[in-house]
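Observations on the three-dimensional arrangement
Residue-level listing of the chains:
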Amino acid sequence: MSDIDRETSTALPRLPALDTLRGLASLAVVITHVAFWAGYYDAGLLGAVAQRLEVGVAIFFVLSGYLLSYPRFAAARCGVPAERLATYASKRVLRVLPVYWVTVVLAMVLVDLNQDRDWQTWLDNLLMIQLYRDTIFPEGLSQMWSLATEAAFYLVLPALTMALTCRRFSRRSAQLILLTLMAAASIVWAGLAAGPFADLGSWTTLALPSYLCWFAAGMAIAVVHVELRLGDGTWWPVVWCRAAAETPGACWLVAAALVVVQSTPLGGAAGLFARTSSESVLRAVLYLVVAVAVMLPAVFGAADTPHGRVMAWAPLRHLGRISYSLFCCHVIVLAVLFQSTSWVIFDENVVLVFVVVLAISLAVAEILYRAVERPFLRRKPKGPAATRTDPTPSQASN
């Protein structure tokens, strides 16, 4: 294999379904926040399901684990250097911070409850460290705890992949075992954070250690996918993942069933409050399985199937492209609407609120994407060209 072929092989494959999956995850997050503001969490099983659509965050984290680790695992498999840390860091900064900073300013300026915030609050949020100061996020920015946790993953990923691809652990089976242990440790932490560690502060339940299991699942998918594309297609994890991907309907049915299970009293009452240790562990495990179940057909499934064609549908893929901007702006839209209309918080028609908020948020997200996000994405350092795995090119924003 020539040097050019090696470098090209380390690039992310173009998988249109991942764009759509990102878009669907963002819609799930919008629904769960709308349901909270409208007071729908108390509406029996449907209200609990609406709250459990927070699983969209798990899907985001698994996606990030896969997208960001795949090139590094592939580089190790091909025996070429991984992306330079400076290049990696500049890509992450250009991907995340411009839209984030605009969002913080909009929230602090437009939302009435934020008018008296001091300079320290401004600084903490602009630097994305509010999560670790154990204080409440400003109105309109409550969802940003997950972005701070994702940013922490960005910081540790190079060290994690370096450790997982060193000579001692370079065997594919060893990598999966270590990732499994990492996920198990994270799940244990999630349980402890809701119990014995609760006195350390609310950050223990929201910071990276409680969610590393979801990122680890995405990294494990990357290990298997690299082996499929560059190594042995008969390795049992490859065979298992491909077999699961051949039945996308079953994968989505399993995911939906587990969300319903989590919505029963087993998962605890619906609401934004501290969970017990057992509820936290169950949540971590079930959401991990849900995210993996919908990821497998997207990564390992064929493009020329009904699932592949639906997931490659241009409008859904575009929703995925603007999903980051949608995620950032929709809570501000909620806050501004509730402060400027006759809507009463916790006592509104959830369908009406969802339709209005989604329509406005999509428009705002489109503007943010075109005016802020896309111009900065074009400044990202260029890497190896993505390799085509289907007839439709993808604009997956890794």
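In this text the structure is predicted, and so the values were computed from the model without any measurement.

What counts, and at which threshold
Residues numbered from 1 in each chain as written. Predicted model: local features only at pLDDT ≥ 70, side-chain atom pairs only at ≥ 80, totals over all residues. Heavy atoms only, no water. Helix = DSSP H or I, 4+ residues; strand = E, 2+ residues; numbered from the N terminus. Rg over C-alpha atoms; globule rule 2.2 N^0.38 Å. Buried < 20%, exposed > 50% of the residue type's maximum accessible area, 1.4 Å probe, protein only. Areas by Shrake-Rupley, 256 points an atom, 1.4 Å probe, with all protein chains shown as cover. Lys, Arg positive; Asp, Glu negative; His and termini not counted. Charge placed at Lys NZ, Arg CZ, Asp CG, Glu CD. Axes fitted to C-alpha atoms, helices over the stretch in contact; angles between N-to-C directions. Parallel < 35°, antiparallel > 145°, perpendicular 65-115°, else oblique. Contact = heavy atoms within 4.5 Å. Nonpolar A, V, L, I, M, F, W, Y, C, P; charged D, E, K, R; others polar. Phe/Tyr/Trp six-rings, centres within 6.5 Å; stacked < 30°, edge-to-face > 60°. Lys NZ or Arg CZ within 6 Å of the ring centre and 35° of its normal. Left-handed = near helix turned anticlockwise from the far one by under 90°. Patch = residues over 30% accessible without salt bridge, like charges linked within 9 Å, V, L, I, M, F, W, Y side chains within 5 Å. Salt bridge = Lys/Arg side-chain N within 4 Å of Asp/Glu carboxyl O. Core = buried A, V, L, I, M, F, W, Y, C linked by side-chain atoms within 4.5 Å. pLDDT = per-residue confidence, 0-100. Expected span 1.5 Å × (residues − 1).

Bringing the overall build of the chain into the picture now. In terms of helices and strands, the chain carries 17 helices and two strands. Here the C-alpha radius of gyration of the chain, 21 Å, is about what a compact globule of 398 residues would show, namely 21 Å. Within the chain, the proportion of its 398 residues that are buried is 52%. Only carbon and sulfur atoms are counted for the fraction: they give 66% of the accessible area of the chain, which is about 17,700 Å². Averaging the positions of the 30 positive and the 25 negative side-chain charges in the chain gives two centres separated by 12 Å.

One way to put it is that helix H11 (residues 236-245) packs onto helix H13 (residues 277-300) with a least axis distance of 8 Å and a crossing angle of 95°. When the interaxial angle is binned, H11 and H13 end up roughly perpendicular. Contact residues: Trp240, Cys241, Arg242, Ala244 and Ala245 in H11; Leu296, Pro297 and Phe300 in H13. Here the contact of H11 with H13 is composed, by residue class, of seven nonpolar, no polar and one charged.

Let us look at the packing of aromatic side chains. Applying the stated rule across the entire model yields 15 aromatic pairs. On the basis of an interplanar angle of 50° and a centroid distance of 5.7 Å, the ring pair of Phe36 and Tyr41 is categorised as tilted. You can call Tyr41 buried: its relative accessible area is 9%. Relative to Phe338, the ring of Trp37 lies with its centre 5.3 Å away and its plane at 45°, an arrangement referred to as tilted. With Trp37 in helix H2 (residues 16-38) and Phe338 in helix H16 (residues 323-340), the pair connects residues that are 301 residues apart, well separated along the chain. Accessibility assignment for this pair places Trp37 and Phe338 in one class, buried. If you follow Arg72 out to its NZ or CZ, it ends over the ring of Tyr88, 4.9 Å from the centre. Above the face of the Tyr154 ring, Arg92 is positioned so that its terminal group lies 5.0 Å from the ring centre.

Let us now look at the packing of helix H12 (residues 248-263) against H13. For the pair H12 and H13, interaxial distance at closest approach is 8 Å and the crossing angle is 160°. Between H12 and H13, the angle falls in the class roughly antiparallel. Crossing of H12 against H13: the hand is left-handed. Two secondary-structure elements touch here, H12 through Pro248, Cys251, Trp252, Ala255, Leu258, Val259, Val261 and Gln262 and H13 through Leu282, Arg283, Leu286, Tyr287, Val289, Val290, Ala293, Val294 and Pro297. Looking at the contact of H12 with H13 residue by residue, the class counts come to 15 nonpolar, one polar and one charged.

In this section: a nonpolar patch on the surface. Where nonpolar side chains cluster on the molecular surface, the patch consists of Trp119, Leu123, Leu127, Ile129 and Tyr132 and spans about 510 Å² of accessible area. Tracing the chain through its elements places Ile129 in the loop between helix H6 (119-126) and helix H7 (144-164).

What follows covers the nonpolar core. Leu18, Tyr66, Phe153, Trp214 and Met295 are the most contacted members of the largest nonpolar core, which has 120 residues in total. Among the elements that take part in this core, helix H10 (residues 208-230) stands out by supplying 15 residues, more than any other. With residues near it in sequence (within four places) discarded, Phe153 still touches Ser64, Gly65, Leu68, Leu160, Leu208, Leu212, Phe215 and Met219.

This next bit is on the confidence of the model for the chain. Of all residues in the chain, 92% attain a pLDDT of 70 or more, and the chain-wide mean is 91. Taking the mean pLDDT of every element in the chain, the minimum, 45, falls on strand E2 (residues 387-388) and the maximum, 98, on H16.

What follows concerns H13. If you check H13, its first and last C-alpha atoms are 34 Å apart, about what 24 residues at 1.5 Å a residue would give, namely 34 Å. Among the 24 residues that make up H13, 18 are buried, leaving the element largely enclosed by the rest of the structure.

Next up on the list: the side chain of Ser361. Take Ser361: it is sitting in helix H17 (residues 350-377). Excluding residues that lie within four positions of it along the chain, Ser361 makes contacts with Leu326, Cys329, His330 and Val333.

We now examine the pattern of salt bridges. A complete count under the given rule lists ten salt bridges for this structure. The salt bridge partner of Arg22 is Asp19, with a shortest N-O separation of 3.4 Å. Remark: Asp19 and Arg22 occur in helix H2; sequence separation between them is three residues, near one turn of the helix. We note that Arg22, like Asp19, is buried. The salt bridge involving Arg172 is made with Asp232; its shortest N-O contact spans 3.9 Å. Of this pair, Arg172 sits in helix H8 (residues 172-193) while Asp232 is found in the loop between H10 and H11, placing the two residues 60 residues apart along the sequence. Through salt bridges that share partners, Arg77, Arg172, Glu227 and Asp232 make up one connected network.

So, about the environment of Ala298. Tracing the backbone through its elements, the reader meets Ala298 in helix H13. For the pair Ala298 and Asp116, spaced 182 residues apart in sequence, the C-alpha to C-alpha distance is 45 Å. When residues no more than four places from it in sequence are discounted, the contact partners of Ala298 are Leu15, Ala17, Leu18, Leu21 and His307.

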